[in-house]
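# An overview of the molecular structure
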Amino acid sequence: MAVPQLTDAERDQALLGLPEWSLRDDKLALVRQFKFRGFGEAFAFMTRVALVAEKRDHHPEWSNVYNRVEITLTTHAAGGLSQRDVDMAAAIDALL
């Protein structure tokens, strides 16, 4: 199933609602860094994100080092940023 990539205008509009997220340099993904009090808190957050990702069948690229989590959202089927990424970013923000 093809997923449409956001246009530049759609991408710019979506970013207005996601002030903590930024575009990756190639403009094909959303990125955000999170910092927590410790590893347990970071891991608990990742677990909550994983449950949302499974439910939505849209999985982030991410890394974790101690109390830091970095998340990248892109839609491979779209070849870049799609509405699925915007919706996932908003869902992640709602977990905080």
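So, how was this worked out
- Residues numbered from 1 in each chain as written.
- Predicted model: local features only at pLDDT ≥ 70, side-chain atom pairs only at ≥ 80, totals over all residues.
- Heavy atoms only, no water.
- UniProt positions renumbered as here; feature names shortened; annotations may be inferred.
- Helix = DSSP H or I, 4+ residues; strand = E, 2+ residues; numbered from the N terminus.
- Rg over C-alpha atoms; globule rule 2.2 N^0.38 Å.
- Buried < 20%, exposed > 50% of the residue type's maximum accessible area, 1.4 Å probe, protein only.
- Contact = heavy atoms within 4.5 Å.
- Areas by Shrake-Rupley, 256 points an atom, 1.4 Å probe, with all protein chains shown as cover.
- Lys, Arg positive; Asp, Glu negative; His and termini not counted.
- Charge placed at Lys NZ, Arg CZ, Asp CG, Glu CD.
- Expected span 1.5 Å × (residues − 1).
- Arc of directions from axis to C-beta.
- Pairing = 2+ DSSP bridges.
- Axes fitted to C-alpha atoms, helices over the stretch in contact; angles between N-to-C directions.
- Left-handed = near helix turned anticlockwise from the far one by under 90°.
- Nonpolar A, V, L, I, M, F, W, Y, C, P; charged D, E, K, R; others polar.
- Polar contact = N/O pair within 3.5 Å; in protein donor to acceptor, adjacent residues only side chain to side chain.
- Phe/Tyr/Trp six-rings, centres within 6.5 Å; stacked < 30°, edge-to-face > 60°.

An unreviewed UniProt entry lists the protein chain under the name Putative pterin-4-alpha-carbinolamine dehydratase, from Croceibacterium soli. Per UniProt, the protein chain carries the Catalytic activity (unreviewed entry) text "(4aS,6R)-4a-hydroxy-L-erythro-5,6,7,8-tetrahydrobiopterin = (6R)-L-erythro-6,7-dihydrobiopterin + H2O". Of the protein chain, the UniProt comment under Sequence similarities (unreviewed entry) reads exactly: "Belongs to the pterin-4-alpha-carbinolamine dehydratase family."

### What to know about the overall build of the protein chain
Tallying secondary structure elements over the protein chain gives three helices and four strands in all. Computed over C-alpha atoms, the radius of gyration of the protein chain comes to 13 Å, within 12% of the 12 Å expected from 2.2 N^0.38 for 96 residues, which places it in the range of a compact globule. In the protein chain, which comprises 96 residues, the share counted as buried stands at 41%. A separation of at least 24 residues holds for 63% of the contacts in the protein chain among residues at least 6 apart in sequence. Of the roughly 5800 Å² of accessible surface on the protein chain, 54% is carried by carbon and sulfur atoms. Placing the 11 positive and 14 negative side-chain charges of the protein chain at their respective mean positions leaves the two points 6 Å apart.

### A few points about helix α2 (residues 39–56)
Helix length check: α2 (18 residues) gives 26 Å between terminal C-alpha atoms against 26 Å at 1.5 Å per residue, within 8%. Residues of α2 that are buried: Ala42, Phe45, Met46, Val49, Val52 and Ala53. The buried residues of α2 occupy an angular sector of 120° when projected down its axis, which confines them to one face. Exposed and facing more than 90 degrees away from the buried side of α2 are Leu51, Glu54 and Lys55.

### Quick word on the sheet that holds strand β2 (residues 30–35)
If you trace the four strands from one edge of the open sheet to the other, you get β1-β2-β4-β3, paired in antiparallel fashion. Looking at strand neighbours, the two that pair on one side only are β1 (22–23) and β3 (61–65), the edges of this open sheet.

### Observations concerning the packing of α2 against helix α3 (residues 83–94)
For the pair α2 and α3, interaxial distance at closest approach is 10 Å and the crossing angle is 145°. The element α2 and its partner α3 pack so that their crossing is right-handed. Residues Phe45, Val49, Val52, Ala53 and Arg56 of α2 form the contact with α3, whose participating residues are Arg84, Asp87, Met88, Ala91 and Ile92. Among the residues forming the contact of α2 with α3, the class breakdown is seven nonpolar, no polar and three charged.

### Thoughts on the environment of Asp26
Tracing the sequence through the fold places Asp26 in the loop between β1 and β2. Remark: the alpha-carbon pair of Asp26 and Glu70, spanning 44 residues in sequence, is separated by 17 Å. Here Leu28 takes part through its backbone nitrogen, which lies 2.9 Å from a polar atom of the side chain of Asp26.

### Section: the packing of aromatic side chains
A complete count under the given rule lists five aromatic pairs for this structure. The rings of Trp21, Phe34, Phe36 and Phe45 are connected pair by pair, giving a single aromatic cluster.

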